Amino acid sequence: MSLAKLVFWRLLAGIGVLWGAATLTFVAMNLTSGDVALAILGGPDALPTPEVLAQVRRDYGLDQPLIVQYGHYLGRLAVGDLGESYRLRIPVVDAIRPLIGHTLGLAVWGALASFALAVVLATLTAKRARWIRSASSGAELILTSAPTFVLG
C-alpha cells in the first residue's frame, strides 16, 4: 500500500473516531441531563417562569427536533465552535485557552515520568524469575488501564 493511501485511510479513520466521539457525547448529554434550559438558568433552584424557559429553549435551539439539534451541534464542532459555558457565560474556547499550557505541562511531565518508570521496571525485571516478570506486567496493565484522573 502506498504512503498516500495509508495517510488517506488513517485520516478517514481519525475523522470517524472524532465523529463517533461527538455523537456519543451528544447522545450522552441528551440522555443523562435533565432540562438543559433549566440548567442554563441556574438549576432547579432558579424557579424561572414558563415564558423564560420557553425563551431559553428558543434561543438555544432546544425546541427543535433532536436530529436538527444534532446537525447544528456537528456543524458548530466542524468549525471549532464549542458553544458557551452555561456557568461562566463565556465561549468554551475562552474558558479552556488559559488552561491549555498547564494541561500540556502535566501531560509532558506525566509521559516523561511513565517512560522513566517503564525503563527502570524493565531493567529491574529483565532476566528475573517468570513470576516477577508476570507480576510486573500485570501491574503495568492495571496502571495503564486505570483512568488518568484516578492515578492523578
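Residues numbered from 1 in each chain as written. Predicted model: local features only at pLDDT ≥ 70, side-chain atom pairs only at ≥ 80, totals over all residues. Heavy atoms only, no water.

A.B. asks: Would you mind showing me how to read the overall build of the protein here?
C.D. replies: On a plain count of helices and strands, the protein comes out with eight helices and zero strands. Overall, the protein shows an N-to-C arrangement of helices and strands of α-α-α-α-α-α-α-α. Against the compact-globule benchmark of 15 Å for 152 residues, the protein has a radius of gyration of 23 Å, which places it well outside the compact range. The dimensions of the protein, computed from C-alpha atoms along their principal axes, are 75 × 45 × 30 Å. The burial tally for the protein puts 11% of its 152 residues in the buried class. Counting contacts in the protein only where the partners sit at least 6 residues apart, residues at least 24 apart contribute 37% of the total. When the accessible surface of the protein is totalled, it reaches about 12000 Å², and 71% of it is carbon and sulfur. Of the side chains in the protein, 12 bear a positive and 9 a negative charge, and the two mean positions are spaced by 23 Å. (Helix = DSSP H or I, 4+ residues; strand = E, 2+ residues; numbered from the N terminus. Rg over C-alpha atoms; globule rule 2.2 N^0.38 Å. Buried < 20%, exposed > 50% of the residue type's maximum accessible area, 1.4 Å probe, protein only. Contact = heavy atoms within 4.5 Å. Areas by Shrake-Rupley, 256 points an atom, 1.4 Å probe, with all protein chains shown as cover. Lys, Arg positive; Asp, Glu negative; His and termini not counted. Charge placed at Lys NZ, Arg CZ, Asp CG, Glu CD.)

A.B. asks: Sorry if this is basic, but what is going on with helix 6 (residues 100–125) here?
C.D. replies: Because each turn of an α-helix spans 3.6 residues, side chains separated by three or four positions in sequence point in the same direction. Its 26 residues give helix 6 an end-to-end C-alpha distance of 37 Å, which sits within 8% of 38 Å, the value for a rise of 1.5 Å per residue. After helix 6 finishes, the residue Lys-127 shows a positive phi value of roughly 60 degrees. (Expected span 1.5 Å × (residues − 1).)

A.B. asks: Whenever I open this one, helix 1 (residues 3–32) confuses me. Can you help?
C.D. replies: With 30 residues, helix 1 extends 43 Å from end C-alpha to end C-alpha; this agrees with the ideal 44 Å at 1.5 Å per step. Contact partners of the buried residues in helix 1: helix 4 (66–78).

A.B. asks: What's the story with a nonpolar patch on the surface in this structure? I'm lost.
C.D. replies: Taken together, Met-1, Leu-3, Leu-6, Val-7, Phe-8, Trp-9, Leu-11 and Leu-12 make up a surface patch of nonpolar side chains, about 890 Å² in accessible area. Among the structural elements, Met-1 can be located in the segment before helix 1. Residue classification places Met-1 among the exposed residues on the basis of a relative accessible area of 77%. (Patch = residues over 30% accessible without salt bridge, like charges linked within 9 Å, V, L, I, M, F, W, Y side chains within 5 Å. Salt bridge = Lys/Arg side-chain N within 4 Å of Asp/Glu carboxyl O.)

A.B. asks: I tried to follow the confidence of the model for the protein on my own but got confused; where do I start?
C.D. replies: Interpretation of the predicted coordinates at a detailed level should be avoided for regions scoring low in pLDDT. Across the protein, the average pLDDT comes to 87, with 97% of residues at or above 70. The element-level mean pLDDT for the protein is lowest in helix 8 (residues 148–151), coming to 72, with helix 4 highest at 94. (pLDDT = per-residue confidence, 0-100.)

A.B. asks: I keep staring at the pattern of salt bridges and nothing clicks. Help me out?
C.D. replies: Note on pairing: side chains with opposite charge can pair once their charged atoms come close. Using the criterion set out here, one finds one salt bridge in the structure. In this structure, the salt-bridge partner of Arg-97 is Asp-94, at a minimum N-O distance of 2.8 Å. Using a relative accessible area of 52% as the deciding quantity, one classes Arg-97 as exposed. Take Asp-94: its relative accessible area is 36%, and that puts it in the partly exposed class.

A.B. asks: Just checking my understanding: could you explain the environment of Ala-95 for this structure?
C.D. replies: Within the secondary structure layout, Ala-95 lies in helix 5 (residues 92–96). What makes Ala-95 partly exposed here is its relative accessible area of 23%. Between the alpha carbons of Ala-95 and Ser-85 there is a distance of 7.8 Å; along the sequence they are ten residues apart. Contact partners of Ala-95, with chain neighbours within four places excluded, come to Leu-88 and Ile-90.

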